[in-house]
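Chain by chain, the residues:
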Amino acid sequence: MEFEDGNAAECVLMRFDNRPNLTACVSSQIGCPVGCVFCATGNSGFKRNLKPYEITEQLMIIQRDTGLRISNVVFMGQGEPLLNLDNVLQAIEIINNDIGIGTRRMTISTSGIIPGIRKLKEINFQSTVALSLHAPNSDIRKKIMPIENKYNINDVIKELKELVNTTGRRATIEYTIIKGVNDSPKQAKEVLELIDGLHCNINIIPYNNACNSNFEKPSIDTINKFKFILERSPHKVTVRL
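These lines cover the structure that appears in this document, whether it is placed above or below. Because the structure is a prediction, the values reported are computed rather than measured.

Before going further, it helps to examine the overall build of the chain. Within the chain, the secondary structure is distributed over 7 helices and 10 strands. In summary, the chain has a C-alpha radius of gyration of 17 Å against a globular reference of 18 Å for 241 residues, a match within 12%. Expressed as lengths along the three principal axes of its C-alpha atoms, the size of the chain is roughly 45 × 40 × 40 Å. The buried share of the chain, reckoned over its 241 residues, is 52%. By sequence separation, contacts in the chain at least 24 residues apart represent 69% of the contacts at least 6 residues apart. Element-wise, carbon and sulfur atoms account for 46% of the exposed surface of the chain, whose accessible area totals about 11700 Å².

Below, the discussion takes up helix α5 (residues 153-167). With 15 residues, α5 extends 21 Å from end C-alpha to end C-alpha; this agrees with the ideal 21 Å at 1.5 Å per step. Within α5 the residues assigned to the buried category are I153, V156, I157, E159, L160, L163, V164 and T167. All buried residues of α5 lie within an arc of 165 degrees about the axis, which places them on one face of the element. Of the surrounding elements, those touching the buried residues of α5 are α3 (114-122), β7 (128-132), α4 (138-144), β8 (171-177) and α6 (185-194). If you check the start of α5, you find a side-chain oxygen 2.8 Å away from the backbone N of N154, and it comes from N152.

Of all the 7 residues making up strand β9 (residues 200-206), 5 are buried; the element is thus mostly covered by neighbouring parts of the structure. Both β8 and β9 contribute to a ladder of 7 bridges, which runs parallel. Across the sheet, residue I177 finds its bridge partner in β9, namely P206. Between β8 and its parallel partner β9, the chain crosses via α6, and the hand of that crossover is right-handed.

Packing of α6 against helix α7 (residues 220-230) leaves a shortest axis separation of 9 Å and a crossing angle of 35 degrees. Seen along the crossing, α6 lies across α7 with a hand that is right-handed. In contact with P185, Q187, A188, K189, V191 and L192 of α6, α7 contributes F226, I229 and L230. The residue inventory of the contact of α6 with α7, partitioned by class, reads 7 nonpolar, 1 polar and 1 charged.

Here helix α1 (residues 52-66) is 15 residues long and its end C-alpha atoms lie 22 Å apart, about the 21 Å a rise of 1.5 Å per residue gives. Among the residues making up α1, those that are buried are P52, E54, I55, T56, Q58, L59, I62 and Q63. Residues of α1 that are buried make contact with β1 (12-14), β2 (23-25), β4 (46-49), β5 (72-75) and α2 (85-99). Positive phi appears at G67, one or two residues downstream of α1, with a value of about 75 degrees.

So, about a positive patch on the surface. Positive charge collects at one region of the surface, where R19, R170, K236 and R240 lie side by side. Structurally, the position occupied by R19 is in the loop between β1 and β2.

Turning our eyes to something else, we now look at the side chain of S27. Within the secondary structure, S27 sits in the loop between β2 and β3 (29-31). Look at S27 and you get buried, because its relative accessible area is 0%. Polar side-chain contacts of S27 include one of 2.6 Å to the backbone oxygen of E10. A distance of 2.8 Å separates a polar atom in the side chain of S27 from the backbone nitrogen of Q78. Leave out the neighbours within four places in its chain, and S27 touches A9, E10, L50, I55, Q58, G77 and Q78.

Reading the values: rules and limits
Residues numbered from 1 in each chain as written. Predicted model: local features only at pLDDT ≥ 70, side-chain atom pairs only at ≥ 80, totals over all residues. Heavy atoms only, no water. Helix = DSSP H or I, 4+ residues; strand = E, 2+ residues; numbered from the N terminus. Rg over C-alpha atoms; globule rule 2.2 N^0.38 Å. Buried < 20%, exposed > 50% of the residue type's maximum accessible area, 1.4 Å probe, protein only. Contact = heavy atoms within 4.5 Å. Areas by Shrake-Rupley, 256 points an atom, 1.4 Å probe, with all protein chains shown as cover. Expected span 1.5 Å × (residues − 1). Arc of directions from axis to C-beta. Polar contact = N/O pair within 3.5 Å; in protein donor to acceptor, adjacent residues only side chain to side chain. Pairing = 2+ DSSP bridges. Right-handed = clockwise from strand over helix to strand, strands pointing away. Axes fitted to C-alpha atoms, helices over the stretch in contact; angles between N-to-C directions. Left-handed = near helix turned anticlockwise from the far one by under 90°. Nonpolar A, V, L, I, M, F, W, Y, C, P; charged D, E, K, R; others polar. Patch = residues over 30% accessible without salt bridge, like charges linked within 9 Å, V, L, I, M, F, W, Y side chains within 5 Å. Salt bridge = Lys/Arg side-chain N within 4 Å of Asp/Glu carboxyl O. Lys, Arg positive; Asp, Glu negative; His and termini not counted. Charge placed at Lys NZ, Arg CZ, Asp CG, Glu CD.

Here is the structure:
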(Lines give C-alpha, C1' and ligand atoms only; values in the text may rest on other atoms or scores of the structure.)
Protein backbone atom coordinates (compact mmCIF):
# COMPACT_ATOMS: atom_id res chain seq x y z
CA MET A 1 0.00 0.00 0.00
CA GLU A 2 1.52 3.32 -1.11
CA PHE A 3 1.06 6.40 1.05
CA GLU A 4 0.85 10.04 0.06
CA ASP A 5 4.63 10.60 0.40
CA GLY A 6 5.42 7.69 -1.96
CA ASN A 7 6.52 5.30 0.79
CA ALA A 8 4.86 1.89 1.04
CA ALA A 9 4.12 -0.79 3.64
CA GLU A 10 2.49 -4.20 3.53
CA CYS A 11 -0.84 -5.36 4.88
CA VAL A 12 -2.08 -8.93 4.64
CA LEU A 13 -5.47 -10.65 4.62
CA MET A 14 -5.25 -14.05 6.30
CA ARG A 15 -8.11 -16.40 5.55
CA PHE A 16 -8.51 -20.13 6.08
CA ASP A 17 -11.12 -22.38 4.46
CA ASN A 18 -12.11 -23.98 7.74
CA ARG A 19 -12.40 -20.80 9.81
CA PRO A 20 -15.08 -18.11 9.69
CA ASN A 21 -12.77 -15.42 11.08
CA LEU A 22 -10.85 -13.15 8.71
CA THR A 23 -7.71 -11.51 10.09
CA ALA A 24 -5.97 -8.40 8.81
CA CYS A 25 -2.26 -8.09 9.55
CA VAL A 26 -1.31 -4.41 9.46
CA SER A 27 1.93 -2.43 9.58
CA SER A 28 2.65 0.29 12.12
CA GLN A 29 5.82 1.73 10.56
CA ILE A 30 7.48 2.01 7.17
CA GLY A 31 10.46 -0.27 7.65
CA CYS A 32 11.57 -1.11 11.18
CA PRO A 33 14.28 0.31 13.48
CA VAL A 34 14.65 -2.90 15.55
CA GLY A 35 16.78 -4.68 12.93
CA CYS A 36 16.27 -8.38 13.72
CA VAL A 37 18.84 -10.08 11.49
CA PHE A 38 16.48 -12.80 10.21
CA CYS A 39 13.72 -10.35 9.22
CA ALA A 40 13.26 -8.89 5.73
CA THR A 41 11.71 -5.70 7.12
CA GLY A 42 14.51 -5.37 9.66
CA ASN A 43 17.02 -5.55 6.83
CA SER A 44 15.25 -2.79 4.88
CA GLY A 45 15.89 -0.06 7.46
CA PHE A 46 13.47 2.43 8.99
CA LYS A 47 11.79 5.38 7.27
CA ARG A 48 9.01 6.68 9.53
CA ASN A 49 6.05 5.97 11.77
CA LEU A 50 2.62 5.50 10.26
CA LYS A 51 -0.14 7.87 11.33
CA PRO A 52 -3.36 6.53 12.85
CA TYR A 53 -5.33 7.00 9.62
CA GLU A 54 -2.59 5.28 7.60
CA ILE A 55 -2.88 2.26 9.88
CA THR A 56 -6.68 2.10 9.72
CA GLU A 57 -6.65 2.65 5.93
CA GLN A 58 -4.88 -0.69 5.52
CA LEU A 59 -7.81 -2.47 7.10
CA MET A 60 -10.40 -0.49 5.16
CA ILE A 61 -8.66 -1.06 1.82
CA ILE A 62 -8.56 -4.82 2.46
CA GLN A 63 -12.31 -4.75 3.11
CA ARG A 64 -12.97 -2.55 0.08
CA ASP A 65 -10.89 -4.62 -2.34
CA THR A 66 -12.15 -8.03 -1.20
CA GLY A 67 -15.72 -7.23 -0.24
CA LEU A 68 -15.11 -9.16 2.98
CA ARG A 69 -15.59 -8.05 6.57
CA ILE A 70 -12.56 -8.32 8.83
CA SER A 71 -13.16 -9.75 12.31
CA ASN A 72 -9.63 -9.74 13.77
CA VAL A 73 -6.63 -7.41 13.51
CA VAL A 74 -3.01 -8.15 14.35
CA PHE A 75 -0.34 -5.45 14.48
CA MET A 76 2.34 -7.83 13.19
CA GLY A 77 3.20 -6.26 9.86
CA GLN A 78 6.18 -4.01 9.26
CA GLY A 79 7.51 -2.06 12.22
CA GLU A 80 7.62 -2.20 16.02
CA PRO A 81 4.17 -1.09 17.27
CA LEU A 82 5.42 -0.06 20.73
CA LEU A 83 7.83 2.42 19.14
CA ASN A 84 4.80 4.11 17.56
CA LEU A 85 2.48 3.45 20.46
CA ASP A 86 0.44 6.65 20.61
CA ASN A 87 -0.52 6.36 16.93
CA VAL A 88 -1.22 2.63 17.26
CA LEU A 89 -3.48 3.20 20.27
CA GLN A 90 -5.38 5.88 18.35
CA ALA A 91 -5.76 3.45 15.43
CA ILE A 92 -7.08 0.75 17.78
CA GLU A 93 -9.64 3.22 19.15
CA ILE A 94 -10.79 4.09 15.61
CA ILE A 95 -10.97 0.42 14.57
CA ASN A 96 -12.97 -0.37 17.71
CA ASN A 97 -15.37 2.59 17.67
CA ASP A 98 -15.82 3.30 13.97
CA ILE A 99 -15.17 -0.03 12.22
CA GLY A 100 -16.72 -2.12 14.97
CA ILE A 101 -14.00 -4.66 15.74
CA GLY A 102 -13.75 -5.51 19.43
CA THR A 103 -10.62 -4.59 21.35
CA ARG A 104 -10.18 -8.22 22.41
CA ARG A 105 -10.09 -9.25 18.76
CA MET A 106 -6.86 -7.32 18.25
CA THR A 107 -3.27 -8.32 18.98
CA ILE A 108 -0.29 -6.01 19.27
CA SER A 109 3.20 -7.47 18.80
CA THR A 110 6.46 -6.27 20.32
CA SER A 111 10.10 -7.29 20.33
CA GLY A 112 10.21 -6.24 23.99
CA ILE A 113 10.06 -2.45 24.36
CA ILE A 114 9.82 -2.13 28.13
CA PRO A 115 8.50 1.48 28.35
CA GLY A 116 5.72 0.52 25.93
CA ILE A 117 4.79 -2.59 27.93
CA ARG A 118 4.63 -0.45 31.08
CA LYS A 119 2.32 2.03 29.37
CA LEU A 120 0.01 -0.79 28.29
CA LYS A 121 -0.12 -1.89 31.92
CA GLU A 122 -0.94 1.66 33.07
CA ILE A 123 -3.93 1.89 30.71
CA ASN A 124 -5.10 -1.68 31.49
CA PHE A 125 -4.77 -2.63 27.81
CA GLN A 126 -7.38 -5.22 26.81
CA SER A 127 -6.02 -6.39 23.45
CA THR A 128 -3.66 -9.36 23.35
CA VAL A 129 0.07 -8.63 23.61
CA ALA A 130 2.42 -10.90 21.66
CA LEU A 131 6.12 -11.00 22.49
CA SER A 132 8.53 -11.74 19.66
CA LEU A 133 10.87 -13.91 21.71
CA HIS A 134 12.76 -15.93 19.05
CA ALA A 135 15.52 -17.07 21.41
CA PRO A 136 15.80 -19.16 24.59
CA ASN A 137 18.29 -16.86 26.34
CA SER A 138 19.87 -13.43 26.23
CA ASP A 139 23.13 -14.53 24.57
CA ILE A 140 21.43 -16.03 21.51
CA ARG A 141 18.91 -13.22 21.38
CA LYS A 142 21.69 -10.63 21.18
CA LYS A 143 23.03 -12.35 18.06
CA ILE A 144 19.75 -12.20 16.16
CA MET A 145 17.87 -9.32 17.84
CA PRO A 146 19.94 -6.18 18.58
CA ILE A 147 17.10 -4.86 20.79
CA GLU A 148 18.30 -7.36 23.43
CA ASN A 149 21.28 -5.07 24.07
CA LYS A 150 18.85 -2.40 25.29
CA TYR A 151 16.10 -4.45 26.94
CA ASN A 152 17.22 -7.70 28.57
CA ILE A 153 14.78 -10.55 27.97
CA ASN A 154 14.54 -11.44 31.66
CA ASP A 155 13.43 -7.88 32.40
CA VAL A 156 11.00 -7.99 29.47
CA ILE A 157 9.40 -11.21 30.75
CA LYS A 158 9.09 -9.67 34.23
CA GLU A 159 7.28 -6.64 32.80
CA LEU A 160 5.08 -8.86 30.64
CA LYS A 161 4.05 -10.91 33.68
CA GLU A 162 3.06 -7.71 35.47
CA LEU A 163 1.03 -6.61 32.42
CA VAL A 164 -0.77 -9.98 32.26
CA ASN A 165 -1.47 -9.91 35.99
CA THR A 166 -2.91 -6.40 35.67
CA THR A 167 -5.08 -6.95 32.60
CA GLY A 168 -6.03 -10.60 33.12
CA ARG A 169 -5.30 -11.15 29.42
CA ARG A 170 -3.22 -14.13 28.30
CA ALA A 171 -0.09 -13.13 26.35
CA THR A 172 1.29 -14.84 23.25
CA ILE A 173 4.91 -15.89 22.75
CA GLU A 174 6.08 -15.79 19.14
CA TYR A 175 9.10 -18.00 18.41
CA THR A 176 10.63 -18.12 14.95
CA ILE A 177 12.48 -21.43 14.89
CA ILE A 178 15.74 -21.37 12.89
CA LYS A 179 17.91 -24.35 12.00
CA GLY A 180 21.00 -24.62 14.19
CA VAL A 181 20.28 -21.34 15.97
CA ASN A 182 17.41 -21.88 18.42
CA ASP A 183 15.88 -25.28 17.60
CA SER A 184 17.48 -27.85 19.93
CA PRO A 185 15.65 -29.81 22.67
CA LYS A 186 17.88 -28.12 25.26
CA GLN A 187 16.79 -24.72 23.97
CA ALA A 188 13.12 -25.74 24.12
CA LYS A 189 13.59 -26.51 27.81
CA GLU A 190 15.30 -23.13 28.27
CA VAL A 191 12.27 -21.40 26.74
CA LEU A 192 10.01 -23.07 29.30
CA GLU A 193 12.30 -21.98 32.14
CA LEU A 194 12.37 -18.44 30.80
CA ILE A 195 8.57 -18.06 30.60
CA ASP A 196 7.78 -20.05 33.74
CA GLY A 197 4.82 -18.46 35.51
CA LEU A 198 3.70 -16.43 32.48
CA HIS A 199 0.09 -16.99 31.44
CA CYS A 200 0.56 -17.39 27.68
CA ASN A 201 0.15 -19.34 24.46
CA ILE A 202 3.18 -20.21 22.31
CA ASN A 203 3.34 -19.87 18.53
CA ILE A 204 6.22 -21.68 16.81
CA ILE A 205 6.94 -20.06 13.45
CA PRO A 206 9.15 -22.08 11.06
CA TYR A 207 11.70 -19.73 9.51
CA ASN A 208 10.85 -18.44 6.04
CA ASN A 209 13.85 -17.20 4.07
CA ALA A 210 12.55 -13.92 2.71
CA CYS A 211 15.79 -11.96 2.74
CA ASN A 212 18.40 -14.35 1.25
CA SER A 213 20.08 -14.84 4.60
CA ASN A 214 22.20 -17.76 5.74
CA PHE A 215 19.40 -18.98 8.01
CA GLU A 216 17.36 -22.08 7.18
CA LYS A 217 14.10 -23.67 8.24
CA PRO A 218 14.55 -26.71 10.53
CA SER A 219 13.27 -30.12 9.49
CA ILE A 220 9.69 -31.08 10.31
CA ASP A 221 11.05 -33.68 12.75
CA THR A 222 13.09 -31.05 14.61
CA ILE A 223 10.11 -28.68 14.79
CA ASN A 224 7.85 -31.45 16.11
CA LYS A 225 10.38 -32.45 18.79
CA PHE A 226 10.64 -28.81 19.88
CA LYS A 227 6.84 -28.55 20.03
CA PHE A 228 6.58 -31.82 22.00
CA ILE A 229 8.88 -30.48 24.73
CA LEU A 230 6.97 -27.20 24.98
CA GLU A 231 3.72 -29.12 25.28
CA ARG A 232 4.89 -30.61 28.57
CA SER A 233 3.94 -27.23 30.04
CA PRO A 234 0.42 -25.83 30.67
CA HIS A 235 0.80 -23.62 27.58
CA LYS A 236 -1.12 -24.12 24.34
CA VAL A 237 1.50 -24.62 21.60
CA THR A 238 0.82 -24.11 17.90
CA VAL A 239 3.06 -24.45 14.85
CA ARG A 240 1.94 -21.67 12.54
CA LEU A 241 1.26 -22.21 8.86
